[in-house]
Amino acid sequence: MTVRLVTDSTADLDPSDIDRYGITIVPLNIHFGADVYRDGVDLGKDQFYARLGESAVLPRTSQPGVSDFQAVYESLAHADAIVSVHIGGKLSGTINAAQTAAKLLTERDDATPPVIVVDSDQASMGLGFATLAAAEAIAQGASAQDAAAAAQSAARRSRVLLIVDTLEYLQKGGRIGRARAFLGTLLRTKPVLELAAGEIQGIERPRTRQKAVERLFELIVRTPKPRRIGILHGTTPAEAEALATRVRDALPNVPVTVHRCSPVIGVHTGPAALGAAIERAP
Amino acid sequence: MSHAGESPSPAQATDRSRPPGTSLTAADFRRMLRAASAWLDQHADAIDAINVFPVPDGDTGRNMAQTLRAAADATEEFTAETTAATTAETTAEAATAQPPDAPLGDLARRAADAALLGARGNSGVILSQWLRGLALALAGHAQAETALLADTLARASDSAYASIEKPREGTILSVARAAADCGPHASHFSIAAALRAAVERAEIAVARTPQQMPLLAQAGVVDSGAQGLAVVLAGLERGLSGADLGPAANFGQIRSDWLAGATPHAHSHGSYGSYGFCTEFVLRGETLSLQRIRAALDPLGDSMIVAGDEHLARVHLHTDTPQAAFDAGRRFGAIDRCTTDDMDARHQQLVGERTPGAPVITVAAIAVASGDGFAQLFRDFGASIVAGGPTLNPSPAEILAAARASGGTDILVLPNDPNVIAAARQAATLAADSSLTLHVVPTQSQPAAVAALAAWDRTAAPRESSHRMTRAAVALLTGAITHAARPIDKPLPLRRGQPFAMLGREIVAAAQSPQAALVDLVARMLVARGNDSAELLTIYTGQIDPSPPSAATPPVDLHTSLTAAIPALAERGVEIEVVIGGQPHYPFLLSLE
């Protein structure tokens with residue numbers, strides 16, 4: 001029984017994990033004006049963040065097409081089953097494209113294997129941990145159903161925290177969610193946000209970056225029963241490494257990795273976003 | 001009709017020569033409060049004038065006078081109501097019939113309730129608690145003999161002490177205690193004589209306040225809250241004896257520092273410690289002993305607060321065994337409004353594992369605002385506004401009204417002035433009977449409230465929010481530029497109207513213009529930060545006063561002139577943000593974080 005795993009480019013997975021588990025990544029698209037790039041394929045993270053700073057127009061993102069998913073699923077036709085874990089449906093239409101493609105393949109009723117599509121309600125390493133949980137289950141011989149359940153469970157046990165320099169990018173990109181209440185103060189703030197139930201929500205609004213980072217650290221280390229932690233950043237690798245070091249010191253038994261956010265995430269958070277994904281133990 | 005006619009003595013209420021043994025009646029008490037209120041009104045300006053702290057807000061005399069007036073007005077209403085209710089039935093009764101209820105106790109209770117709701121400023125709150133003590137002692141009594149009066153003054157004193165977290169001598173409290181000292185032997189005397197003795201002891205206690213409070217001694221003054229209570233007692237005595245109120249005394253050179261005496265210390269809740277549940281309940285009973293309740297709960301957790309009286313106590317405890325705490329409470333009385341918050345619950349909630357049975361709470365915030373700019377900033381941060389008015393001293397009733405209108409079940413209250421914190425706490429106590437829980441974040445200034453609101457975690461339990469917001473407010477370095485409301489010599493000489501700078505609540509520099517004071521203050525704030533990082537300086541500009549031409553300086557110039565005058569700002573990478581606060585009295589309010 002061969003079960004293959006698919007996710008999308010917003011999972012921010014470490015390349016070594018992608019290789020080890022043979023995970024297929026479906027890229028989302030980034031549009032700078034009329035130019036369209038496939039995330040992580042035509043446009044690397046370094047190039048993107050350099051352009052994000054320079055570009056006068058705010059880049060936009062778009063979900064993969066149904067045909068992209070069909071092509072991926074067809075390419076995995078040798079497998080007995082496919083588990084496809086994706087960015088939350090409240091943040092992106094990606095999940096719809098995946099579901100439509102899976103349905104079309106089923107209706108075609110040919111030799112393609114059954115596809116189980118999982119809406120993680122997560123993004124970045126929140127999605128990454130869900131995907132890894134499925135990969136680990138498959139590696140231990142789990143069925144597609146069990147692997148999908150493992151992904152869902154890990155997604156529910158994960159939280160993604162985020163600090164941004166400005167809410168402007170989230171607002172313009174239409175992803176502000178319940179953090180809308182944090183808009184519109186005359187004072188400078190560095191909002192601390194959380195991706196909760198698939199939606200951005202405001203936690204609090206410290207007025208300096210340092211306080212925001214301090215609060216982020218507190219929220220990370222006070223999360224009960226952490227199993228693994230991913231520190232997320234866009235353009236501030238040194239800050240992310242420093243935070244990771246502090247978290248490792250505070251939680252010596254918890255693996256802490258550092259991930260640079262996908263441009264698709266970066267478009268919506270703005271350049272200086274810093275965050276963390278924490279998977280709690282079951 | 002008044003109950004004076006039913007007293008055993010034929011003495012008329014206005015008789016100056018009250019024979020020994022005459023009882024104190026409801027009519028006497030009503031007249032005493034009215035007289036004390038009038039007497040305090042007459043002295044309010046004189047008491048305000050002896051405030052050594054020259055900030056143009058929150059004046060002791062006026063606050064106490066407003067509080068006492070609320071009590072006196074309530075007794076008039078009460079008398080009007082009971083007269084209307086009893087006239088019909090008593091006309092046919094014999095004059096010797098026992099009064100059917102306890103008019104003196106009821107009247108005192110009504111007065112105390114009105115004072116609790118109408119209290120303004122710290123001194124007003126303490127005065128209202130003193131009146132509450134009087135009412136508790138008089139409860140159930142139709143009239144009072146001398147011995148009861150002595151008990152009453154003792155209860156009043158105890159109640160005043162209990163209202164302050166860290167009672168200090170050399171304040172209004174010392175006067176309350178001194179007045180109660182007319183005590184043990186008083187029963188040999190008439191009520192009038194006992195009250196006169198209380199007044200004399202009170203006045204001695206006022207004179208001693210400088211010896212008890214080093215800050216007062218330094219300035220060579222007495223405490224104004226202490227002076228205020230002595231005036232109240234003198235007014236009560238005059239009301240009883242029917243003496244002419246006469247002209248107000250002038251306290252002349254006597255000055256005092258109410259701030260030193262009555263600043264409530266910051267909420268000293270530390271971290272949560274190791275206990276997982278924040279547990280609260282209300283106990284009702286007839287003879288609750290707060291001490292015994294504390295003793296029973298102490299082994300179960302920490303961060304314990306047990307507040308209230310014999311009839312109603314509010315309990316707050318961090319514990320791992322909420323049920324054991326509830327059970328312990330039940331041994332003392334009827335238990336009500338039990339809540340327990342799992343302090344980790346919010347994390348679980350956010351990952352989809354809602355704790356079953358967790359109470360449904362909606363957290364709201366209300367902030368006392370003075371100035372349109374601040375009101376808008378507070379609203380932007382999600383708080384409702386309590387209009388502070390020109391002196392920023394709302395009463396507990398006004399705070400309660402705003403809390404009710406906020407739509408929350410748990411309301412974070414930001415008083416934003418040292419002189420409003422006690423009123424906010426009183427509002428919180430008064431709300432214990434309702435479905436609202438008020439959490440006072442003892443902010444001492446409006447910039448501190450901005451810092452507190454910035455640290456308001458929307459996903460946290462209200463008590464955790466309140467603790468975190470308090471820490472954020474305390475950690476903030478604040479400053480203010482204002483004009484001297486009156487001339488002073490210490491800690492530095494100021495002419496009336498002269499601009500000066502305050503760091504926190506301390507007067508640090510005088511200047512020729514608000515702008516010059518601002519430059520001086522910013523430099524001092526940087527020094528005060530020491531080696532700690534300084535990231536963001538926020539300057540809140542005040543209401544534009546049209547008279548001094550310099551006040552029209554556009555805010556953009558502030559940025560340039562400060563950077564030019566203080567190179568350390570750029571060297572330390574401090575960002576400067578200038579926003580319109582619109583506050584009266586203070587051309588600039590500052591915070592450095």
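Residues numbered from 1 in each chain as written. Chains lettered and ligands numbered in written order. Predicted model: local features only at pLDDT ≥ 70, side-chain atom pairs only at ≥ 80, totals over all residues. Heavy atoms only, no water.

Caption draft 1: Structural view of the overall build of chain A. Scanning chain A from terminus to terminus reveals ten helices and 13 strands. Taking as baseline every contact in chain A between residues at least 6 positions apart, the subset at least 24 positions apart corresponds to 73%. For chain A, the exposed surface amounts to about 10900 Å²; the carbon and sulfur share of it is 52%. (Helix = DSSP H or I, 4+ residues; strand = E, 2+ residues; numbered from the N terminus. Contact = heavy atoms within 4.5 Å. Areas by Shrake-Rupley, 256 points an atom, 1.4 Å probe, with all protein chains shown as cover.)

Caption draft 2: Representation of the confidence of the model for chain B. Across chain B, pLDDT averages 78, with 76% of residues at or above 70. Contacts of residues 343-359 of chain B to residues separated by more than four positions or lying in other chains number 38 contacts, the stretch itself having pLDDT below 50. (pLDDT = per-residue confidence, 0-100.)

Caption draft 3: Expanded view of the pairing of strand E5 (residues 363-369) of chain B. All names here are of chain B. Where burial is concerned, most of E5 is hidden: six out of the seven residues are buried. Relative to strand E7 (residues 410-414), E5 is paired through five bridges, and the arrangement is parallel. Residue pairing in the sheet places alanine 365 in a bridge with leucine 412 of E7. You can see the chain leave E5, run along helix H14 (residues 372-380) and come back into strand E6 (residues 383-387), and the turn it takes is right-handed. (Buried < 20%, exposed > 50% of the residue type's maximum accessible area, 1.4 Å probe, protein only. Pairing = 2+ DSSP bridges. Right-handed = clockwise from strand over helix to strand, strands pointing away.)

Caption draft 4: Seen up close, the side chain of serine 159 of chain B. All names here are of chain B. Mapping serine 159 onto the fold places it in helix H5 (residues 146-162). A distance of 3.1 Å separates a polar atom in the side chain of serine 159 from a polar atom in the side chain of arginine 132. When residues no more than four places from it in sequence are discounted, the contact partners of serine 159 are Gln129, Trp130, Arg132 and Gly133. (Polar contact = N/O pair within 3.5 Å; in protein donor to acceptor, adjacent residues only side chain to side chain.)

Caption draft 5: Expanded view of the packing of aromatic side chains. Residue and element names in this part refer to chain A. Counting across every chain of the model gives six aromatic pairs over all chains. For the ring pair phenylalanine 32 and phenylalanine 48, a centre distance of 6.0 Å and an interplane angle of 50° mean the geometry is tilted. Placement of phenylalanine 32 in strand E3 (residues 29-32) and of phenylalanine 48 in helix H2 (residues 45-54) is noted, with a sequence separation of 16 residues between them. A network of ring pairs unites the aromatic residues Phe32, Tyr37, Phe48 and Tyr49 as a single cluster. Stacked on the ring of phenylalanine 32, the Lys or Arg arginine 51 has its end atom at 4.3 Å from the ring centre. In this arrangement the basic side chain of arginine 246 is found over the ring face of phenylalanine 217, its NZ or CZ atom lying 3.9 Å from the centre. (Phe/Tyr/Trp six-rings, centres within 6.5 Å; stacked < 30°, edge-to-face > 60°. Lys NZ or Arg CZ within 6 Å of the ring centre and 35° of its normal.)

Caption draft 6: Looking closely at the interface of chain A and chain B. If you look at the interface, chain A gives 31 residues, while chain B gives 28 residues. Counting the surface lost from both chain A and chain B, the interface buries some 2600 Å², and carbon and sulfur atoms represent 46% of this. For the pair chain A and chain B, the interface holds eight salt bridges. We note a salt bridge from arginine 468 of chain B to glutamate 204 of chain A, for which the minimum N-O separation is 2.7 Å. Linking chain A to chain B there are 14 residue pairs in polar contact (both at pLDDT 80 or more). Looking at the side of chain A that touches chain B, the elements that each hand over two or more residues are strand E8 (158-163), strand E9 (192-196), strand E10 (199-204) and helix H8 (209-221) of chain A. Per-element accounting of the side of chain A that touches chain B gives the leading share, six residues, to H8 of chain A. A class-by-class count of the residues in the side of chain A that touches chain B yields nine nonpolar, eight polar and 14 charged. (Buried area = accessible area lost by both parts, 1.4 Å probe. Salt bridge = Lys/Arg side-chain N within 4 Å of Asp/Glu carboxyl O. Nonpolar A, V, L, I, M, F, W, Y, C, P; charged D, E, K, R; others polar.)

Caption draft 7: Main features of unusual backbone geometry. Residues and elements named next belong to chain A. A positive phi angle, near 50°, is found at serine 124, a position not held by glycine. In this structure, serine 124 sits in helix H5 (residues 124-139). Positive phi values are uncommon outside glycine, yet alanine 197 reaches one of about 50°. Along the chain, the position of alanine 197 falls in the loop between E9 and E10.

Caption draft 8: Highlighting the sheet that holds E3 of chain A. Residue and element names in this part refer to chain A. Pairing within the open sheet is antiparallel, and its three strands lie in the order E4-E3-E5. Both edges of this open sheet fall to strand E4 (35-38) and strand E5 (60-62), since each of them pairs with a single strand only. On average, each strand axis in the sheet is inclined to that of its neighbour by 30°, with strand direction left out of account. Pairing geometry for E3 and E5, over three bridges, is antiparallel. Note on E5: the bridge partner recorded for isoleucine 30 is threonine 61. In the packing of H2 onto the sheet, the strands contacted are E3 and E4, and the crossing angle to E3 comes to about 35°. (Axes fitted to C-alpha atoms, helices over the stretch in contact; angles between N-to-C directions.)

Caption draft 9: Quick look at the pattern of salt bridges. Tallied over the full model, the rule gives 37 salt bridges over all chains. Residue aspartate 73 of chain B is joined to arginine 34 of chain B by a salt bridge in which the shortest nitrogen-to-oxygen separation is 3.0 Å. Highlighted residues: aspartate 73 of chain B in helix H2 (residues 60-90) and arginine 34 of chain B in helix H1 (residues 26-49), separated in sequence by 39 residues. One salt-bridge network, held together by shared partners, links Glu136, Arg157, Arg227, Arg228 and Glu279 of chain A.

Caption draft 10: Representation of the side chain of arginine 157 of chain A. Residue and element names in this part refer to chain A. Secondary-structure assignment places arginine 157 in the loop between helix H6 (144-156) and E8. A distance of 2.9 Å separates a polar atom in the side chain of arginine 157 from a polar atom in the side chain of serine 153. Of note is the side chain of arginine 157, whose polar atom sits 2.9 Å from the side chain of glutamate 279.

Caption draft 11: Local environment of H6 of chain A. Residue and element names in this part refer to chain A. Between the first and last C-alpha of H6 there are 18 Å, a value that for 13 residues agrees with the 18 Å anticipated at 1.5 Å per step. Within H6, the full set of buried residues consists of Ala144, Ala147, Ala148, Ala151, Ala154 and Ala155. The buried residues of H6 occupy one face: seen down the axis, they fall within an arc of 125°. Looking at the buried positions of H6, the neighbouring elements they touch are strand E1 (3-8), strand E6 (81-86), strand E7 (115-119), H5, E8 and strand E13 (274-280). (Expected span 1.5 Å × (residues − 1). Arc of directions from axis to C-beta.)

Caption draft 12: Molecular detail of the packing of H8 of chain A against helix H9 (residues 237-250) of chain A. All names here are of chain A. The N-to-C vectors of H8 and H9 enclose an angle of 35°; their axes lie 11 Å apart at closest approach. For H8 against H9, the interelement crossing comes out right-handed. Here H8 contributes Arg209, Val213, Glu214, Leu216, Phe217, Ile220 and Val221 to the contact with H9, which in turn contributes Glu239, Leu243, Arg246, Val247 and Ala250. For the contact of H8 with H9, the class distribution of residues is eight nonpolar, no polar and four charged. (Left-handed = near helix turned anticlockwise from the far one by under 90°.)

Caption draft 13: Broad picture of the nonpolar core. Counting 62 residues, the largest nonpolar core has Trp130, Leu131, Leu229, Val232, Leu233 and Leu236 of chain B as its most contacted members. Those elements that provide at least two residues to this core are H1, H2, helix H3 (103-118), helix H4 (121-138), H5, helix H6 (172-180), helix H7 (191-212) and helix H9 (224-241) of chain B. Setting aside residues up to four positions removed in sequence, leucine 233 of chain B forms contacts with Trp130, Leu153, Val175, Ala179, Val199 and Ala202 of chain B. With 55 residues, the next largest nonpolar core counts Leu52, Met125, Ala130 and Ala142 of chain A among its residues. (Core = buried A, V, L, I, M, F, W, Y, C linked by side-chain atoms within 4.5 Å.)

Caption draft 14: Structural detail: the sheet that holds strand E10 (residues 499-503) of chain B. All names here are of chain B. With mixed pairing, six strands are arranged side by side in an open sheet as E11-E10-E9-E14-E12-E13. Edge strands, defined here as strands with exactly one partner in the open sheet, are strand E11 (506-510) and strand E13 (575-580). When the angles between neighbouring strand axes are averaged without regard to direction, this sheet yields 20°. The pairing of E10 with E11 spans four bridges and is classified as antiparallel. Residue pairing across strands places leucine 503 opposite glutamate 506, the latter belonging to E11. Most of the contacts of helix H19 (residues 514-529) go to strand E9 (residues 477-483), to which it runs at about 160°, and overall it touches E9, E10, E11, strand E12 (536-541) and strand E14 (588-592).

Caption draft 15: Spatial organisation of the packing of H1 of chain B against H9 of chain B. All names here are of chain B. At a minimum axis separation of 7 Å, H1 and H9 run at an interaxial angle of 140°. With respect to H9, the axis of H1 lies oblique. Helix-helix and strand crossings are classified by hand; for H1 and H9 the assignment is right-handed. Side by side, H1 and H9 meet where Asp28, Arg31, Met32, Leu33, Ala35, Ala36, Trp39, Leu40, His43 and Ile47 of the first sit next to Ser224, Gln227, Gly228, Val231, Val232, Ala234, Gly235, Leu236, Arg238, Gly239 and Leu240 of the second. The class makeup of the residues in the contact of H1 with H9 is twelve nonpolar, six polar and three charged. (Parallel < 35°, antiparallel > 145°, perpendicular 65-115°, else oblique.)

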